[in-house]
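Structural characterization, general
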Amino acid sequence: MSATVIDGKAFAATVREKVAAHVARLKADHGVTPGLAVVLVGEDPASQVYVRSKGKMTVEVGMNSYEHKLDVDTSEADLLALIDRLNGDPDVHGILVQLPLPGHLDEDLVINAIDPAKDVDGFHISNVGLLGTGQKSMVPCTPLGCLMMLRAHHGDLSGMDAVVIGRSKIVGKPMAQLLLGDSCTVTIAHSRTKDLPQVVRRADIVVAAVGRPQMVPGDWIKPGATVIDVGINRIDAPEKGAGKTRLVGDVDYDSCAAIAGAITPVPGGVGPMTIACLLANTVTACCRANG
Ligand code: GUN
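Residues numbered from 1 in each chain as written. Predicted model: local features only at pLDDT ≥ 70, side-chain atom pairs only at ≥ 80, totals over all residues.

Broken down by element type, the protein carries ten helices and eleven strands. Rg of the C-alpha trace for the protein: 19 Å, near the compact-globule value of 19 Å for 291 residues, within the 12% margin. The principal-axis extents of the C-alpha atoms in the protein amount to approximately 50 × 45 × 35 Å. Across the 291 residues of the protein, 44% fall into the buried class. Across the protein, contacts joining residues at least 24 apart in sequence account for 68% of those joining residues at least 6 apart. (Helix = DSSP H or I, 4+ residues; strand = E, 2+ residues; numbered from the N terminus. Rg over C-alpha atoms; globule rule 2.2 N^0.38 Å. Buried ≥ 20, exposed ≤ 12 C-beta atoms within 10 Å, placed from the backbone. Contact = placed C-beta atoms within 7 Å.)

See the structure below:
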């Protein structure tokens, strides 16, 4: 079997078109332009790439982008003061603090200082609690993008066995909540899980979010299962020339694609959907703020 490739890049372009149309209506009918503030502390190269990309796409859909780049040694008090200012700014509807933060900053304290209504990442403890109890919340962008692709591919997910590999607060835990909300039978697997291959082999849906390059081989996959690869890992690629690198996911793409029914590629799968969902969340926050 050769898997259907789920084209996250094309799907994300469709989501962005819908967001752009919604933004145009908000401007024309209500005189409101959604605004997204992104805060980056330090100069982590991967974070810089993500933040640049978020800013560019925000502007492309017609929204205002406010970038705040702070020194790596910014104090917690200064960062909290900036968040306070953004919370009170009526032109800012969404606030995202790029993670990870430098070690001297308390990530939970910083995230929980964001107004939950502007927390377009869905990481604030209020939004985590709302999601966990099945109430209306801001939903974290990466899991939301994964869920949208799964729904588009399968329609109804109810009764499916889903295994999420990874228990991070950014992806693993909210992904499991969303799949549960769609009536999947959900297992969260992690580094201490016993007999991980056997657990993964049960799954109709596998979501890999561990941050370990090509960790999941094809012989862990049930024939016909859907594989969602959240990983973005840079590895050496000597076949491309000395010193060259390439991006790979958390699953071994070729062997998994030979067994799975559907699979997301890396790049071009989950990544573009994450940013598209961030833009959609910002429009949602703007609509809620403006009644
Ligand atoms: N770092 C990696 N992924 C994310 C994300 O989705 N949001 C934020 N704020 N930081 C991240």
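Here we come to the domain arrangement of the protein. Here the protein is partitioned into domain 1 (31-117) and domain 2 (141-271). Using C-alpha coordinates to define each centre, domain 1 is positioned 28 Å away from domain 2. (Domains from an automatic or database assignment.)

Take the UniProt feature "domain: Tetrahydrofolate dehydrogenase/cyclohydrolase catalytic" (unreviewed entry) in the protein next. Here the UniProt feature "domain: Tetrahydrofolate dehydrogenase/cyclohydrolase catalytic" (unreviewed entry) sits at residues 6-121. A distance of 24 Å separates the end C-alpha atoms of residues 6-121, which is 48% helix and 16% strand. (UniProt positions renumbered as here; feature names shortened; annotations may be inferred.)

Per the UniProt entry, the sites bearing "binding site: NADP(+)" (unreviewed entry) are Gly166, Arg167, Ser168 and Ile232 in this numbering. The residue arginine 167 is located in the loop between β5 (161-165) and α7 (172-181) in this model. Beyond its immediate stretch of four places on either side in the chain, arginine 167 contacts Gly172, Lys173, Ile188 and His190. By the secondary structure assignment, serine 168 is in the loop between β5 and α7. Aside from chain neighbours lying at most four places away, what touches serine 168 is Lys173 and Ala209.

Once that is clear, we can look at the packing of helix α6 (residues 141-154) against α7. Between two packed helices, both the angle of their axes relative to each other and the distance between the axes serve to describe the pair. For the pair α6 and α7, the least separation of the axes is 8 Å and the interaxial angle reads 35 degrees. Note on packing geometry: the crossing formed by α6 with α7 is right-handed. Residues Pro143, Cys146 and Leu147 of α6 lie in contact with α7, whose contacting residues are Pro174, Met175 and Leu178. Looking at the contact of α6 with α7 residue by residue, the classes come out as six nonpolar, no polar and no charged. (Axes fitted to C-alpha atoms, helices over the stretch in contact; angles between N-to-C directions. Left-handed = near helix turned anticlockwise from the far one by under 90°. Nonpolar A, V, L, I, M, F, W, Y, C, P; charged D, E, K, R; others polar.)

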